[in-house]
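Fold and geometry: a report
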Amino acid sequence: MEWIKVKNLEHAGKLVASQIEALVKQKNIVLGLATGSSPIPVYDYLIKSDIDFSNSISINLDEYVGLNQQDPQSYYYFMHQHLFQFKPFKKSYIPDGSNLNAEEVIHEYEEILKQYPIDIQLLGIGRNGHIGFNEPGTPFNSRTHKIALADSTIEANQRFFTNKESVPRFAYTMGLANIMQAKQIFLIACGKSKSPAIKALIEGDITTDLPASILQTHPNVTLYIDDGAASLLNQV
Ligand code: F6R
């Protein structure tokens, strides 16, 4: 696991977007996407570039259960606003949050993931070390599933909603085994609130208490972290 020190999210976005751009110039890719604050600058840079995704595929990590595509808080809506309306892909996949039949959603997503192995997976990290919505305790061999969001995740994400009560309690998410199948992974973490998770990820044990720690065993992971996120590391 390699890590690169960045000035801020914007700087991380520029570096990650240029890596994506370089690969898309060589071939049509399958790009694993994330939502939340961390990847927004990546999308801003991709929008400004002359990159063409019209022959590439995107697959998002997760979606809230119970929100339909028109809901401004849904990840579908987020992706449309931040990327797809400007840079359409040949096909973009996001779990269908409006379908409450979890078995059906999971089956469909697993078929998609089988059909399209991910070249690059973009990740943020939760304060509790989640990646996707794989909360602490999620088994490392997990595949797409429905998960109850941790309290700390609901609290962290309430900033996007009118209040805590309106944050959905469940999400569909790719599992840790799905994420580990990506050929290359870029994880972006900026800010002090991420420092305990980043310390545990870089210096701690591999444990389901910190789901992201499984990334230590992946052959091609790059972390983009700023001073705040790196502030608890022994070696900065
Ligand atoms: C979002 C996702 C989450 C976020 C994480 C960090 O699709 O899968 O794991 O990446 O919660 O969120 P931000 O970037 O908002 O701090």
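Anything mentioned here points back to the structure above.
A short tour of the structure in this document, coming up.

Cut-off values and rules
- Residues numbered from 1 in each chain as written.
- Predicted model: local features only at pLDDT ≥ 70, side-chain atom pairs only at ≥ 80, totals over all residues.
- Heavy atoms only, no water.
- Pairing = 2+ DSSP bridges.
- Helix = DSSP H or I, 4+ residues; strand = E, 2+ residues; numbered from the N terminus.
- Axes fitted to C-alpha atoms, helices over the stretch in contact; angles between N-to-C directions.
- Contact = heavy atoms within 4.5 Å.
- Buried < 20%, exposed > 50% of the residue type's maximum accessible area, 1.4 Å probe, protein only.
- Lys, Arg positive; Asp, Glu negative; His and termini not counted.
- Salt bridge = Lys/Arg side-chain N within 4 Å of Asp/Glu carboxyl O.
- Expected span 1.5 Å × (residues − 1).
- Arc of directions from axis to C-beta.

This part takes up the sheet that holds strand E4 (residues 62-64). Within the open sheet, the three strands sit side by side as E4-E8-E7. Their pairing is antiparallel. This sheet does not close on itself; its edge strands, each paired only once, are E4 and strand E7 (145-148). On average, each strand axis in the sheet is inclined to that of its neighbour by 25°, with strand direction left out of account. Examined bridge by bridge, E4 and strand E8 (residues 170-173) share three bridges and lie antiparallel to one another. Looking at E8, one finds that Tyr64 is bridged to Ala171.

Further remarks concern the sheet that holds strand E10 (residues 221-225). Spatially, E1-E10-E9-E6-E2-E3-E5 is the arrangement adopted by the seven strands of the open sheet, whose pairing is parallel. A strand with exactly one partner marks an edge of an open sheet, and here the two such strands are strand E1 (2-5) and strand E5 (91-93). The average angle at which neighbouring strand axes cross in this sheet is 15°, direction not considered. Two elements, strand E9 (residues 184-189) and E10, share five bridges in a ladder whose sense is parallel. Bridged to Leu187 within E10 is Leu223. Against the sheet, helix H4 (residues 102-115) engages strand E3 (57-60) and E5, with an angle of about 140° to E3.

The next thing to look at is the side chain of Asp62. Looking at the secondary structure, you find Asp62 in strand E4. For Asp62, which is buried and forms no salt bridge, the nearest opposite charge comes from Lys194, at a distance of 12 Å. Not counting residues up to four positions away in its chain, the partners in contact with Asp62 are Thr35, Tyr75, Ile94, Pro95, Gly132, Phe133, Tyr172 and Thr173.

The terminal C-alpha atoms of H4 lie 20 Å apart, and with 14 residues this matches the ideal 20 Å at 1.5 Å per residue to within 8%. Those residues of H4 that fall on the buried side of the exposure criterion are Ala102, Val105, Tyr109, Glu110, Ile112 and Leu113. Burial along H4 is one-sided: seen end-on, the buried residues are contained in an arc of 160°. Summarising the geometry of H4, the exposed residues directed more than 90 degrees from the buried face are Glu103, Lys114 and Gln115. Packing partners of the buried residues in H4 comprise E3, E5, E7, E8 and helix H6 (176-180).

Think of it this way: side chains of opposite charge can pair up when their charged atoms draw near. Using the criterion set out here, one finds eight salt bridges in the structure. One salt bridge connects Glu21 with Lys25, and the closest N-O pair in it is separated by 3.5 Å. Here Glu21 pairs with Lys25, and both are found in helix H1 (residues 9-26), just four residues apart, close to one helical turn. Its relative accessible area of 63% is what places Lys25 among the exposed residues. Through salt bridges with shared partners, a single ionic network connects Lys27, Asp119 and Lys183.

So, about the environment of Leu33. For Leu33, the position within the fold is in strand E2 (residues 30-33). Its relative accessible area of 0% is what places Leu33 among the buried residues. In this structure, the C-alpha to C-alpha distance between Leu33 and Ile59, residues 26 residues apart in sequence, is 6.0 Å. In this view, Leu33 contacts Tyr43, Ser58, Ile59, Asn60, Leu61, Met79, Leu83, Phe84, Gln121 and Leu122; residues no more than four positions away in its chain are not counted.

Purely geometric stuff here, so don't read any function into it on its own.
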